[in-house]
Amino acid sequence: MEKNARIYVAGHRGMVGSALVRRLQQAGYGNIRTRTRAELDLLNQAATAAFLQQEKPDFIFMAAAKVGGIHANNTLRADFIYENLMVEANLIHGAWQAGVKQLCFLGSSCIYPRDCPQPIREDYLLTGPLEQTNEPYAIAKIAGIKLCESYNRQFGTRYFSVMPTNLYGPNDNYDLANSHVLPALIRKAHEAKQRGDSELVVWGSGKPMREFLYVDDLADACVFLMERDVSDGIYNVGCGDDVTIRELAETVMSVTGFTGRIVFDASKPDGTPRKLLDVSRLRDIGWQARVPLREGIALAHKDFAARHAG
């Protein structure tokens, strides 16, 4: 990418999109295009196509998506599959029509089978049943991967996909009804400490294992791949290590200073037993995560405390 290239970051107000904008600005890219949802509804095919034809971006980072934790995915199933399918179809088809050089599609590690071997390699895609609680979202993201592959094969485009593990960091969603596990734990522990509670309630058994990646590391990986002119394929993005939900909760408690005890609510779902990505494909071309989990949680907690003062 040349420093004056026209770069469109879709979803720039979200956690991933804002991290991408930060990373691009730090690297000296000065021609970044963004639109809020009020300015451009990506669910509207005609509006999306018109925007891309007018702006003619050279590169697109697709961070626009409807995302959420287990509860949101399991209860808003139609919203998750419809909105994600529409956004990716409109952007990828519109990008091809507008002659976009390269596109980075942001997927999710939930695309992989629920019980596939660990760590999870990119070629495990479509080798078994999905986790039921987030199946609609996963199917939508798989469709996005296949859209990129199909347009590359039929039209010679250069669209690739990145599959991040569980993300956290600045601009995360801390809504307890819809957020992912780590931001929910940060908020719960922070507020429990403020109230002087004696216990912290954590969903599930505490036994599932999860991998977590600081969002600025993901943004760095996406820009790394685009700068190296990657033209096709799927790339897992993670740190290569995982922890139990119990260990995660204990780290969050330590960072936030909450000294009560953990109580697990076994009536709530655990989700996938383990989800650790094999990141060797990306590591072999020279990239690896930099932010350790405890350091990242401290940065995320600082961001939460600043935006939710009191």
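Everything that follows concerns the structure shown earlier in this document.
Residues numbered from 1 in each chain as written. Predicted model: local features only at pLDDT ≥ 70, side-chain atom pairs only at ≥ 80, totals over all residues. Heavy atoms only, no water.

## Focus: the environment of E211
Move 1: Along the polypeptide, E211 turns up in the loop between β8 (209–210) and β9 (212–214).
Move 2: Along the chain, E211 and V223 lie 12 residues apart, while their C-alpha atoms are 21 Å from each other.
Move 3: The contact partners of E211, leaving out residues within four places of it in the chain, are T165, N166, G238, C239, G240, D241, D242, K275, L276 and L277.
Move 4: Within the local environment of E211, its side chain forms a polar contact with the backbone nitrogen of C239, the two atoms lying 2.8 Å apart. (Helix = DSSP H or I, 4+ residues; strand = E, 2+ residues; numbered from the N terminus. Contact = heavy atoms within 4.5 Å. Polar contact = N/O pair within 3.5 Å; in protein donor to acceptor, adjacent residues only side chain to side chain.)

## Re the sheet that holds strand β5 (residues 158–164)
Move 1: One open sheet holds the six strands; their spatial order is β2-β1-β3-β4-β5-β10, and the pairing between them is parallel. Each edge of the sheet is formed by a strand with only one pairing partner; in this case those strands are β2 (32–33) and β10 (234–237).
Move 2: Where strand β1 (residues 7–10) lies against strand β3 (residues 59–62), four bridges are found, and the strand directions are parallel. Bridged to A10 within β3 is M62.
Move 3: Relative to the sheet, helix α4 (residues 77–97) contacts β1, β3, β4 (102–106) and β5, its axis offset from that of β3 by approximately 170°. (Pairing = 2+ DSSP bridges. Axes fitted to C-alpha atoms, helices over the stretch in contact; angles between N-to-C directions.)

## Quick look at unusual backbone geometry
Move 1: A cis geometry characterises the amide bond from Q118 onward to P119, with omega recorded as -10°.
Move 2: Structurally, the position occupied by P119 is in the loop between β4 and α5 (135–155).
Move 3: Look at N171: it is not a glycine, yet its phi comes out positive at around 70°.
Move 4: Inspection of the secondary structure puts N171 in the loop between β6 (166–168) and α6 (181–195).

## Looking at the layout of surface pockets
Move 1: Taken as a whole, the second largest pocket spans an internal volume of roughly 270 Å³.
Move 2: Among the residues making up the lining of the second largest pocket, the classes are represented as nine nonpolar, three polar and six charged. (1 Å grid on protein atoms, 1.4 Å probe; cavity = no way out; pocket = protein on both sides within 12 Å on 5 of 7 lines; lining within 4 Å. Points joined across faces, edges and corners; volume = space filled by probe spheres on them. Nonpolar A, V, L, I, M, F, W, Y, C, P; charged D, E, K, R; others polar.)

## Some words on the environment of I111
Move 1: Following the sequence through the fold, I111 ends up in the loop between β4 and α5.
Move 2: Residue class for I111 comes out buried when judged on its relative accessible area of 1%.
Move 3: Note: C-alpha distance between I111 and A140 (29 residues apart in sequence) is 8.8 Å.
Move 4: Excluding anything up to four places from it in sequence, I111 contacts L125, L130, A138, K141, I142, I145 and M163. (Buried < 20%, exposed > 50% of the residue type's maximum accessible area, 1.4 Å probe, protein only.)

## Notes on the nonpolar core
Move 1: In this structure, Y8, L42, I60, L91, L103, Y112 and Y159 are the most contacted members of the largest nonpolar core, which totals 39 residues.
Move 2: Within the residue set of this core, elements represented by two or more residues are β1, α2 (45–55), β3, α4, β4, α5 and β5.
Move 3: In this structure, V9, V16, Y29 and V237 belong to the second largest nonpolar core, which totals 33 residues. (Core = buried A, V, L, I, M, F, W, Y, C linked by side-chain atoms within 4.5 Å.)

## Observations concerning the packing of aromatic side chains
Move 1: Under the definition given, this model contains seven aromatic pairs.
Move 2: Taken together, a centroid distance of 5.4 Å and an interplanar angle of 50° make the contact between Y151 and F155 tilted. Of this pair, Y151 and F155 both sit in helix α5, separated by four residues, roughly a single helical turn.
Move 3: Judged by relative accessible area, which is 13%, Y151 ranks as buried.
Move 4: An aromatic cluster of at least three residues, connected via ring pairs, comprises W96, Y151 and F155. (Phe/Tyr/Trp six-rings, centres within 6.5 Å; stacked < 30°, edge-to-face > 60°.)

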